Amino acid sequence: MSRWSRWLGGVAVLSVAVLAGCAQPDPDASASAPATASGTGPAAPPVTVTVPADRHRVGDVIVLTVVNGGAAPLYADDLRTDCSPVLLERREGGTWTRYDNCGVERASAVVTWAPGERREIRLDTAGGNFSAPPLLAGVHRIAFGFRWSPTPEGAVTEWVHSSEFRIG
């Protein structure tokens, strides 16, 4: 084997090793793993969404936590499910249906999470902010869309999801 062939072989092995180190796990691959921002790579500040129970009754108040574990503030709009900054999603077959509803008629407000801030959000599944049809039993998750800049309002550049849980 010539010196040139050995050098090319070494470059190929090194290239494969470098590419393998760039692989990112799918944030939705494990229901028990904490959710982190998708598509941002390992250097991105971690954002987590957690639901404390894997089962709730229809009509329960679901208390969830959103944590900005990074060093930069993040921004979200507040007119989503139950007039909060998060979306409740229900699995129907292989797709997720969003409960993107808020029964109040006002302009959306921007909610800021400071670096390291932890916030509890209460979704009242029996509350008056849910529009028809009523919330159905089934498998759900929480989706949190946010951006790293306060503007433009309404823009979502990142999404994280909680683990799946059952209502009903």
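This structure is a prediction, so every number in the text was calculated from the model and none was measured.

1. A closer look at the pattern of salt bridges
For the coordinates displayed, the defined rule picks out nine salt bridges. Ionic pairing is found between Arg147 and Asp77, a salt bridge with its closest N-O pair at 3.2 Å. Placement of the pair is Arg147 in the loop between strand 9 (138–146) and strand 10 (158–161) and Asp77 in strand 4 (residues 74–77), with a sequence separation of 70 residues. Comparing Arg147 with Asp77 shows no difference in burial state: the two are buried. Through salt bridges with shared partners, one network takes in Glu89, Arg98 and Arg141.

2. What about the confidence of the model for the protein?
In the predicted model, the protein carries a mean pLDDT of 76, and 69% of its residues have values of at least 70. Mean pLDDT in the protein bottoms out at helix 1 (residues 3–21), which sits at 38, and peaks at strand 1 (residues 47–50), which reaches 96. Within the model, pLDDT remains below 50 along residues 4–43, and this stretch shows 29 contacts once partners closer than five positions in the same chain are excluded.

3. As for the sheet that holds strand 3 (residues 61–68)
Spatial ordering of the open sheet is given by 1-3-8, a layout of three strands whose pairing is antiparallel. With one partner strand each, in any of the chains shown, strand 1 and strand 8 (118–124) form the two edges of the open sheet. Across the sheet, the mean angle separating the axes of adjacent strands is 20° when strand polarity is ignored. Looking at chain direction, strand 3 and strand 8 are connected through seven bridges and run antiparallel. From the neighbouring strand, Val67 faces strand 8, where its bridge partner is Arg118.

Criteria and thresholds
- Residues numbered from 1 in each chain as written.
- Predicted model: local features only at pLDDT ≥ 70, side-chain atom pairs only at ≥ 80, totals over all residues.
- Heavy atoms only, no water.
- Salt bridge = Lys/Arg side-chain N within 4 Å of Asp/Glu carboxyl O.
- Helix = DSSP H or I, 4+ residues; strand = E, 2+ residues; numbered from the N terminus.
- Buried < 20%, exposed > 50% of the residue type's maximum accessible area, 1.4 Å probe, protein only.
- pLDDT = per-residue confidence, 0-100.
- Contact = heavy atoms within 4.5 Å.
- Pairing = 2+ DSSP bridges.
- Axes fitted to C-alpha atoms, helices over the stretch in contact; angles between N-to-C directions.

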